[in-house]
Amino acid sequence: MARYNFRETETNWQKRWAEAASFEVDEDPNRPKYYVLEMFPYPSGRIHMGHVRNYALGDLVARFKKAQGFNVLHPMGWDAFGLPAENAAIERGVHPAKWTRENIDAMREQLKRMGLSYDWRRELATCDPDYYRHEQKMFLDFHKHDLAYRRESWVNWDPVENTVLANEQVIDGRGWRSGAPVEKRLLSQWFLKITEYADELLTALDGLERWPDRVRLMQRNWIGKSEGARVFFDINGRDDRLEVFTTRHDTLFGASFCAIAANHPLASEIAAKNPELAEFVAKCNRLSTSEAAIETAEKEGFDTGLTAQHPFIPDLKLPIYVANFVLMEYGTGAIFGCPAHDQRDLDFARKYGLQVLPVVLPSDADAATFEVGNEAYIGDGRIFNSEFLDGMAVDDAKAEMAARLVEGNHGERTTSFRLRDWGVSRQRYWGCPVPFVHCEACGIVPVAEADLPVELPLDVDFDTPGNPLDRHPTWKHTDCPSCGKPARRETDTFDTFFESSWYFARFADAHSEQAFSPEAAKYWMPVDQYIGGIEHAVLHLLYSRFFTRALKKCGYLDVDEPFAGLMTQGMVCHETYRDMDGNWVYPSDLVRGSDGSWTDGKGRPVTTGRIEKMSKSKRNVVDPENIIDNYGADTARLFMLSDSPPERDLEWTEAGVEGAWRYINRLWRMITEPNISLPSELGDRPSSLTPAAETALKAIHKAIFSVTDSIDRFRFNSAVAQIRELTNALGELEGSKSADPGEDSAGDGDGDAWVLRFGFETLVRLIEPMTPHLAEELWHRLGHREMLTEQPWPVADPAMLVDDRVTVAVQVNGKLRGTIDVARDASEDIVRPEALALDTVQKILEGREPRRVIVVPNKIVNVVA
RNA sequence: GCCCCUGUGGCGGAAUUGGUAGACGCGCCAGACUCAAAAUCUGGUUUCUGCAAGGAAGUGUCAGUUCGAGUCUGACCGGGGGCACCA
């Protein structure tokens, strides 16, 4: 029995597709375009199963859309700047550029072995000056359009990585990569004004209908819009006023203090003259932002001695504290405290003996006796103790208070966002240089466009920690573009999210002298289907949405949203194993004993643990290359698609891979060695078919319909199941023929053979997006000379999707009692008596008339006894 | 703490969106082929009960809406995720 030789077949077709330039595309105004993009990888050196899943999903979509007649752009590139390259340089003495290039070469070869339908002409690497020169230009344009600016700011400093981290890169107060507790430092940093688009980025989420709700929700929370008011308090004995942001202006009459952040200008001013306060401020700055620290840190304050004048109660003067729980970065960096209705304020008030006056009365409480203990009341209710607000509901009181504040010039309605501007400066070497120069006379000066790119110097060393650019003997010395005098280059580089915020547009025109030609971008953008991990739900996707708008403002692009459709894939998981000493064991090291137990290869027992995301640290990884070597790319791809829906986690199992492998061989045998001889090509459909052939033909059309529908709805696992069902149906038809060859002489054999051939061709066409090499090979074995990748997607004949007779379920009181076989669309007059005539129904009715009979055509009859 | 998602056989998961629950696969059991094994093929496989035909129960739990609920509503329990001193 000839086994399927995947090695030969896969390399052969990869070569043939490349020679035929099957997946190279150009703009074609006469065809609808479809842009499929998978999140490009960081070139770590080897692909892992997460990549395999991501690209198997993307390739399925790309090939499917191509077959449906779209002009499909499907590119691949490398997110090539970043810390691991520098770490490799430090640990192994390899230059980051060399390390990165070698990794890219290795990974490109691995990807090519997967048979993915990329237009490789468009490959790009973000560390290439030809790429990053354009983003330097973009940055200059952003600066011109007031979207990039520089300011002193408190930053998250990672003491291990020696760099600044974005807020998003701080997880539970620790660096996302190093895990070290993050410190606060004041540095001069470049920022992109993402907050200018906060509202638009929020409202536009509603229009992203082909994005998962989950991701939209996460972005919504991240942007964190809250409507409220700004209240102005006069500071007694001073000319200036204290501005406070609140969403609870309805509780203003319950205010008993004000508090400002340790970094608030007013705090700094007083601290300059007050060593005690200075000490308190320093203490606040030392406080780490880690979860543990926040949980345990007590609310603490320092009384400035100043008081704020309550806007509506002339003789109420609120003490102003500097408090450790007030953040400078949010709102105005100052609050008023209403202890009765805010837990933090209450904790603070109890500690410092401040008044707790309830002003919102729960509906079931009595105004005379209602008191707040150690739990603030944050629910709804009626306002009391509040003069002109008394008796109002919370929402009405907010509106009324806002109006009064405006009227008396005591405040204004305002909106606050949690989102902050994006700090893009990094004190690292392996990134895109920021194209600015520091001149003693002229200040911060942009590099002239003609002098771009500012290239990274390659002659650097990594022997000492910190930024090699800063230590380079000559690189940073240059002349001021403005006055010509000696000046110093900016030695910071961009956050690597910068590169990934526009690469999708570069793919439209990857070798352009411009960032991309406007025509090419206009044709290809936006990405129709973007596919990648949920871990990028906020950062990368939000930055890209902002970048696209910024690029539009600067005239590069004409779209608002970069990704019209988004699919977030689940993780690839695997069982974990440990030896007796608790060390993790690689699945590939396991040996199965005769009694079914596992050992680690040295005869020592191994225990099986939880199923977890594949990770190097737990060693529960399977190398895709081994799978491709042993089973072929098609098997790996098919398994990736068949077991779980894309958005859910997938458990990688050896048994599952075997199952996919078995199916591939079964399909191979079935089509290359059919039990009956097939017509050499598919002619016209024979006029008469045996009932079995007729049924099979219908099954083929139903499969076309349901597979297409499943793929359209991203139910790829269902699509695989439907393909397998069709395989089973065709196997039955084929089996019945070989078992009863006598029928052939009756003249029906031709019809059966025709249906079988039609079925095989359909099967091959349907499975091509999943197992392209196998499909292409079978297509040619069926006698075709043209490429399957150029064949159109099959279309089901609607007439073949319906049956003449249908099985209708018969229930009594909602419980299934039997089925009847009736003509499709048979009238109630026919169905009803047939249903009632069933023995099982009669037995329950015992001669009585049913109280009611519900007939749903072609579906069900429910007899109410 | 707040917000969101989720719960179906031994396992991964289907279910035309309110109409025959368990498609398809994995695993397991039995059989065929084989000296034997592997591979392959055939059949079975929700649970309980029964020799059987059959009967009963069944989609986390409890209630509700409906002729009819895996699907809709409410409460509760379990699992997962996001945010978190955000005023």
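Residues numbered from 1 in each chain as written. Chains lettered and ligands numbered in written order. Predicted model: local features only at pLDDT ≥ 70, side-chain atom pairs only at ≥ 80, totals over all residues. Heavy atoms only, no water.

1. So, the overall build of chain A
Right, so step 1: On a plain count of helices and strands, chain A comes out with 26 helices and 34 strands.
Right, so step 2: With the C-alpha coordinates of chain A rotated into their principal frame, the extents come out at 110 × 85 × 65 Å.
Right, so step 3: Taken over 865 residues, chain A has a buried fraction of 54%.
Right, so step 4: Sequence separation of at least 24 residues holds for 72% of the intrachain contacts in chain A that already meet a minimum separation of 6.
Right, so step 5: About 38,800 Å² of surface is accessible on chain A, with carbon and sulfur atoms providing 48% of the total. (Helix = DSSP H or I, 4+ residues; strand = E, 2+ residues; numbered from the N terminus. Buried < 20%, exposed > 50% of the residue type's maximum accessible area, 1.4 Å probe, protein only. Contact = heavy atoms within 4.5 Å. Areas by Shrake-Rupley, 256 points an atom, 1.4 Å probe, with all protein chains shown as cover.)

2. Remarks on the sheet that holds strand E4 (residues 163–165)
Right, so step 1: Here we have four strands laid out as an open sheet, ordered E4-E3-E7-E17, and antiparallel in their pairing. The open sheet has two edge strands, E4 and strand E17 (422–423), and neither has a second partner. (Pairing = 2+ DSSP bridges.)

3. Overview of unusual backbone geometry
Keep in mind that most residues, glycine aside, have a negative phi and that most peptide bonds are trans.
Right, so step 1: Here the residue pair Leu452 and Pro453 is connected by a cis peptide bond, since its omega of 0° sits within 30 degrees of zero.
Right, so step 2: Here Pro453 is to be found in the loop between strand E20 (443–446) and helix H13 (468–471).
Right, so step 3: The omega torsion of the bond from Met525 to Pro526 falls at -5°, within 30 degrees of zero and hence cis.
Right, so step 4: Residue Asn385 is not a glycine yet carries a positive backbone phi of 55°.
Right, so step 5: You can call Asn385 partly exposed: its relative accessible area is 39%.

4. What to know about the pairing of strand E12 (residues 317–323)
Right, so step 1: Judged by how many residues are buried, E12 sits mostly within the fold: six of seven residues are covered.
Right, so step 2: Sheet topology note: the strand E10 (residues 257–260)/E12 ladder contains three bridges and is parallel. In the strand pairing of E12, Ala259 is matched with Tyr321.
Right, so step 3: As defined by bridge partners, strand E11 (residues 301–309) adjoins E12 across six bridges and the pair is classed as antiparallel. Note that in E12 the partner of Ala308 across the bridge is Leu318.

5. Side note on the packing of aromatic side chains
Right, so step 1: The full count for this structure, using the stated rule, is 51 aromatic pairs.
Right, so step 2: Measuring from ring centre to ring centre gives 5.1 Å for Tyr321 and Phe348, while their planes differ by 90°; the resulting arrangement is edge-to-face. A residue pair is termed long-range when its members are at least 10 positions apart, and Tyr321 in strand E12 and Phe348 in helix H11 (residues 343–352) qualify at 27 residues. In terms of burial, Tyr321 and Phe348 fall into one category: buried.
Right, so step 3: Pairing Tyr503 with Phe507 gives two aromatic rings, centres 5.7 Å apart and planes at 70°, and the pair type is edge-to-face. You'll find Tyr503 and Phe507 in the same group, each marked buried.
Right, so step 4: Each member of the aromatic cluster is reached from another via a ring pair, and the members are Phe139, Phe142, Trp190, Tyr197, Trp422, Phe436, Phe494, Phe497, Phe498, Tyr543, Phe546 and Phe547. (Phe/Tyr/Trp six-rings, centres within 6.5 Å; stacked < 30°, edge-to-face > 60°.)

6. Digging into the side chain of Arg757
Right, so step 1: Within the element layout of this structure, Arg757 appears in helix H23 (residues 749–767).
Right, so step 2: When near neighbours in sequence (up to four residues on either side) are disregarded, Arg757 contacts Leu678, Pro679, Ser680, Glu681, Leu682, Leu782 and His784.

7. A few points about the confidence of the model for chain A
Right, so step 1: Scored by pLDDT, chain A has a mean of 89; 95% of the residues are at 70 or more.
Right, so step 2: Within chain A, helix H22 (residues 742–745) has the poorest average pLDDT of any element, 43, and strand E2 (residues 71–73) the best, 98.
Right, so step 3: Note that residues 739–747 has pLDDT below 50 and, in this model, six contacts with residues that lie over four places away or in other chains.
Right, so step 4: In the model output, the complex is listed with pTM 0.92 alongside ipTM 0.94. (pLDDT = per-residue confidence, 0-100.)

8. Some details on the protein's contact with RNA strand B
Right, so step 1: Taken together, 53 residues form the shell around RNA strand B, and within it Thr247, Lys299, Tyr330, Arg344 and Arg418 come nearest.
Right, so step 2: In the model, a sugar or linking oxygen of RNA strand B is placed 3.2 Å from a nitrogen or oxygen of the Arg669 side chain.
Right, so step 3: In terms of residue count, the dominant contributor to the surface near RNA strand B is helix H21 (residues 716–739) (six residues).
Right, so step 4: When the residues that make up the surface near RNA strand B are grouped by side-chain class, the tally is 20 nonpolar, 14 polar and 19 charged. (Near = heavy atom within 4 Å. Polar contact = N/O pair within 3.5 Å; in protein donor to acceptor, adjacent residues only side chain to side chain. Nonpolar A, V, L, I, M, F, W, Y, C, P; charged D, E, K, R; others polar.)

9. Some thoughts on the side chain of His264
Right, so step 1: Position of His264 among the secondary structure elements: in the loop between E10 and helix H8 (265–273).
Right, so step 2: At 3.1 Å, the side chain of His264 forms a polar contact with the backbone nitrogen of Leu266.

10. Notes on the pattern of salt bridges
Right, so step 1: Applying the stated criterion to the full structure yields 54 salt bridges.
Right, so step 2: The salt bridge partner of Arg426 is Asp495, with a shortest N-O separation of 3.1 Å. Residue Arg426 is found in strand E18 (residues 425–426), and its partner Asp495 is found in the loop between strand E23 (493–494) and helix H14 (503–506); the two are separated by 69 residues along the sequence.
Right, so step 3: The class for Arg426 is buried, based on a relative accessible area of 7%.
Right, so step 4: With a closest N to O distance of 3.7 Å, Glu694 and Arg685 form a salt bridge.
Right, so step 5: For Glu694, a relative accessible area of 28% puts it in the partly exposed group. (Salt bridge = Lys/Arg side-chain N within 4 Å of Asp/Glu carboxyl O.)

11. Section: the sheet that holds strand E26 (residues 572–578)
Right, so step 1: Taken in spatial order, the three strands make up an open sheet running E29-E26-E30, and their pairing is mixed. With partners counted over all chains shown, the strands left at the sheet margins are strand E29 (607–613) and strand E30 (650–651), one partner each.

12. Digging into helix H7 (residues 213–223)
Right, so step 1: For H7, every residue scored as buried is listed here: Val215, Arg216, Gln219 and Ile223. Across the axial projection of H7, the buried residues extend over an arc of 100°, all falling on one side. Exposed positions of H7 whose direction lies more than 90 degrees from the buried face are Asp213 and Asn221.
Right, so step 2: Gly224 sits one or two positions beyond H7 and adopts a positive phi of about 55°. (Arc of directions from axis to C-beta.)

13. A few points about the pairing of strand E3 (residues 148–158)
Successive side chains on a regular strand alternate, one facing one side of the sheet and the next facing the other.
Right, so step 1: Bridge count between E3 and strand E7 (residues 183–192): 10 bridges; the pairing is antiparallel. Of the residues in E7, the one forming a bridge with Ala148 is Leu192.
Right, so step 2: Of the pairings in the sheet, the one linking E3 to E4 comprises three bridges and is antiparallel in character. Within the sheet, the bridge partner assigned to Trp157 lies in E4 and is Val164.
Right, so step 3: Taken together, E3 and the strand that follows it, E4, pair antiparallel across an intervening segment of four residues, in which Asn162 is found at a positive phi of about 55°.

14. Remarks on the environment of Arg238
Right, so step 1: Its location among the elements puts Arg238 in the loop between strand E8 (225–235) and strand E9 (241–246).
Right, so step 2: The residues contacting Arg238, other than those within four sequence positions of it, are Leu266, Glu269 and Leu306.
Right, so step 3: Of note is the side chain of Arg238, whose polar atom sits 2.9 Å from the side chain of Glu269.

15. Focus: a positive patch on the surface
Right, so step 1: Positive charge collects at one region of the surface, where Arg3, Arg662, Arg666, Arg669 and Arg724 lie side by side.
Right, so step 2: At three residues, the largest contribution of residues to the positive patch is made by helix H19 (residues 654–672).
Right, so step 3: Relative to the helices and strands, Arg666 is located in helix H19. (Patch = residues over 30% accessible without salt bridge, like charges linked within 9 Å, V, L, I, M, F, W, Y side chains within 5 Å. Lys, Arg positive; Asp, Glu negative; His and termini not counted. Charge placed at Lys NZ, Arg CZ, Asp CG, Glu CD.)

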